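# A structural walkthrough
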Amino acid sequence: MTESNNNANQKLPLQGAGGASGIGIIRYGAGNIFSLTATLERLGIAYGMVNTEADLDQYDRYIIPGVGHAGAAMHKLESTGLVPAIKALEKPTLGICVGMQLLTSYSQEGDCNLLDLFPMKTLKFPQTDGFKVPHTGWNQVFPEKENPLFANIPTGSHFYFVHSYFIEYEPLFTLSSTNYIHPFSASIWRDNFYGVQFHPEKSGAYGEQLLTNFSQI
Amino acid sequence: MLAKRIIPCLDVKDGRTVKGVNFVDLRDAGDPVELAWNYSQQGADELVFLDISATVEKRKTLVELVKAVARQINIPFTIGGGITEIADADALLNAGADKISINSAAVRNPALIDELAKAFGVQFVIVAVDTRVMGDKNIVHLNGGRLPTERQTLEWILEAESRGAGEILLTSMDHDGTKAGFDNGFLTQVNNAVNIPVIASGGAGSVQHFVDVFQQTNVDAALAASVFHYGEILIPDLKTILRENNIEVRV
C-alpha cells in the first residue's frame, strides 16, 4: 500500500436507508445464478430479484451477475431497459465475472461498448506459451487498497477464476490484482461500484467472507 | 501463481455414491452431498460427479442432487455421465453445476462440443477422454475403456479443443486402477499440444504420484477416486507435501 494508491476522490457509498434492505440481484438472463443465491442463503444474507427499475428501491445494494459472452450479456442488459438506472445507482453495487466486465467501457469480446462506469477496457488474454486460456482455477489475489470488501481476507488468498477476457490493470481503479501472463484487475472499485473477476460464490471460505463483507459495506 | 488443482471424483448411481468410503466422521457414506461437503472442508479444489445411472428416469434424480450439492458446497463442481444434448446440460447448469463433462457422446457426435460451447461458453465444457495403448498408439476408448474406437487420442483431443472444449479430462485406462502412477509421458505430450487446461486421471496410488505428475508434466489438475474415498491419501497431507516440493497449491 502506498499513498498514491489511496484515491482521495473515492467516496464511500451511501448506507442503506429508507427501509430498503438486502441485495437486489439484477436479472437480465445472462447466466445461472443458482450457486450465487444458494451461497447468499447459506450466509444468511437477504436478497431478491431486480427485473424492473421499480424493483431497485426495495434493496440497499445490488449484484450484477454474469457468465458467458460479454457482448451478448450487454445486449441482454440493454433489452431490460435498466441501463440508465444502473449507471445512476448510488448504493453499493458489485459486478461478478462478466457482470464486472460490463462496468468497463469496452470489451473485445463482441467488440462491444459497455456501461462505461470505469474508464477501463476488457481484453482477451494474449496467446502466450505456458499460459492456458481460459484462465481456469484458483489464483492469488492481492488487495492494493484499503477497502472493507477485503476485510478479514489475507493478502494472496486464492479465489476461483474462469475467464478468457480480463480487465486491464489500472492503478486508480484496480482494487486487487492477480498475475496471469501479466497483472490484471482481479477486482475494481470506484465510489459505490465494485467488480470482481473471480467467482466469490465458488471461492471457498474467503469467497464467502467477501460476499459477507459486501453485504455490510 | 495459478494453483494446481486436486479433484476427487465421485461415482453416483441413482443419487447415491457407489464406491466405498471410509471417512470415520461420515454419517452416511452413500450420501454424495455429505461426501462433497467433507471434501470441500478438507481442501479439495473442485469435485467431479460421474453419474452412472442406467436409465433416463433415474437421471432426473441427478438434477435434484446437483441442486443439493450447489446449496451446500462453496467450490466448483462438474457433472458427467449421460449428457447427450443441450437440454441435459441446460438442466444441470440451472441446477448449479459449474461445468459438464462429455465423453462417448462427443466421440459419437463431435458437433455436440460446438453446440455446448456456443450455448454455454467453453468454460462450461469438459471433454473427457479415456485412452488405452494399442500397439504403439494411444486410442480413444468408450464404455469405460472396453470399446476401442478408430480415433487416435491426441488427434481427437486437438479436434475437441478446436470445437470448443474448455478443458480436457484425460484418463489412461492402462493406468486406471493400478495405483502405479499417472501416465506422465502421454500427459506431457497432450499437455504440450493443447492450450486449454488438462486434468490428469488414472493411476494415482500415492502422494508421490501427485508430486510426479505435477513435476514431470505441466498439467493443471489431478483427479483421483479411491485413494481419497478410502482415506489412503488425505487432501491436507497431500497439499502439504506438494507445497514442500514447490508445487503451488491453494492453502
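All of these numbers come straight from a predicted model, not from anything done at the bench. Residue indices begin from 1 for each chain and proceed along its sequence in written order. Numbering of ligands from 1 and lettering of chains from A proceed in the order in which they are written. Note on the predicted model: pLDDT of at least 70 is required for a residue's local features to be given, and 80 or more for side-chain atom pairs to be given and counted; whole-chain, interface and lining totals, by contrast, use all residues. The side-chain values count all of the structure's non-hydrogen atoms but skip hydrogen atoms and water molecules.

All right, on to the overall build of chain B then. Secondary structure summary: chain B contains 10 helices and 11 strands in total. Note on method: radius of gyration uses C-alpha positions; expected globular size equals 2.2 Å times residues raised to 0.38. Its C-alpha radius of gyration of 17 Å places chain B within 12% of the 18 Å reference for a compact globule of 251 residues. Seen through its C-alpha atoms, chain B measures out along the principal axes to roughly 45 × 40 × 35 Å. Accessibility here uses a 1.4 Å probe with only protein chains present; expressed as a share of the type maximum, an area under 20% marks a residue as buried, one over 50% as exposed, and anything in between as partly exposed. Counting the 251 residues in chain B, one finds 58% classified as buried. Contacts are assigned to residue pairs that have any heavy atoms within 4.5 Å of one another. Partitioning the contacts of chain B with sequence separation of at least 6, the portion at a separation of at least 24 is 65%. The accessible surface values rely on the Shrake-Rupley method and a 1.4 Å probe; as for residues, cover is taken only from the protein chains in view. Split by element, the accessible area of chain B, about 9,900 Å² in all, is 49% carbon and sulfur. Here the positive residues are Lys and Arg and the negative ones are Asp and Glu; neither His nor the chain ends is included. For charged residues, the charge sits on one atom: NZ in Lys, CZ in Arg, CG in Asp, CD in Glu. In chain B, the 23 positive side-chain charges and the 33 negative ones have mean positions that sit 3 Å from each other. Numbering goes from the N terminus for both helices and strands, where a helix is a DSSP run of H or I of at least four residues and a strand is a run of E of at least two.

Time to look at the packing of helix 1 (residues 34–43) of chain A against helix 5 (residues 204–216) of chain A. All names here are of chain A. With axes taken as lines fitted to C-alpha atoms, and helix axes fitted only over the stretch in contact, angles between N-to-C directions fall between 0 and 180 degrees. Viewed as axis vectors pointing N to C, helix 1 and helix 5 meet at an angle of 75°, and their least axial separation amounts to 11 Å. With respect to helix 5, the axis of helix 1 lies roughly perpendicular. Mapping the contact onto sequence places Leu36, Thr39, Arg42 and Leu43 in helix 1 and Glu208, Leu211 and Thr212 in helix 5. Of the residues belonging to the contact of helix 1 with helix 5, the class tally is three nonpolar, two polar and two charged. Just so you know how the angles are binned, under 35 degrees is roughly parallel, over 145 roughly antiparallel, 65 to 115 roughly perpendicular, and the rest oblique. Residue polarity follows a fixed list, in which Ala, Val, Leu, Ile, Met, Phe, Trp, Tyr, Cys and Pro are nonpolar, Asp, Glu, Lys and Arg are charged, and the others, Gly among them, are polar.

Taking 1.5 Å of rise per residue, 13 residues should cover 18 Å, and helix 5 of chain A covers 19 Å from first to last C-alpha, within 8% of that figure. The set of residues buried in helix 5 of chain A consists of Gly204, Gly207, Glu208, Leu210, Leu211, Asn213 and Phe214 of chain A. Expected span of a helix, by definition, is 1.5 Å for each gap between consecutive residues, and there is one gap fewer than residues.

Residues and elements named next belong to chain B. UniProt positions are given in the numbering used here, feature names are shortened, and annotations may be inferred rather than shown by experiment. Residues annotated by UniProt as "active site" (unreviewed entry) correspond here to Asp11 and Asp130. Lining of the largest pocket among the annotated residues: Asp11 and Asp130. Looking at the element boundaries, aspartate 11 is found in strand 1 (residues 5–13). Summarising the element assignment, aspartate 130 is placed in strand 6 (residues 125–134). The exposure class of aspartate 130 is buried, given its relative accessible area of 10%. Aside from chain neighbours lying at most four places away, what touches aspartate 130 is Asn103, Ile139, Val140, His141, Gly144, Gly145, Thr171 and Met173. Here a cavity denotes grid points, spaced 1 Å and computed from the protein atoms alone, that fit a 1.4 Å probe unable to get out, and a pocket denotes an open set having protein on both sides within 12 Å along at least 5 of 7 lines; residues with an atom within 4 Å of a point are the lining.

Residue and element names in this part refer to chain B. Grid points are joined across faces, edges and corners, and a volume is the space filled by probe spheres set on the points. Inspection of every chain in the model, using the stated rule, returns one cavity of 30 Å³ or more. Every residue lining the largest cavity is listed: Leu170, Thr171, Ser172, Asp183, Phe186, Leu187 and Ser201. Elements with a contribution of two residues or more to the lining of the largest cavity: strand 9 (167–172) and helix 7 (184–193). For the lining of the largest cavity, the element with the highest residue contribution is strand 9, accounting for three residues.

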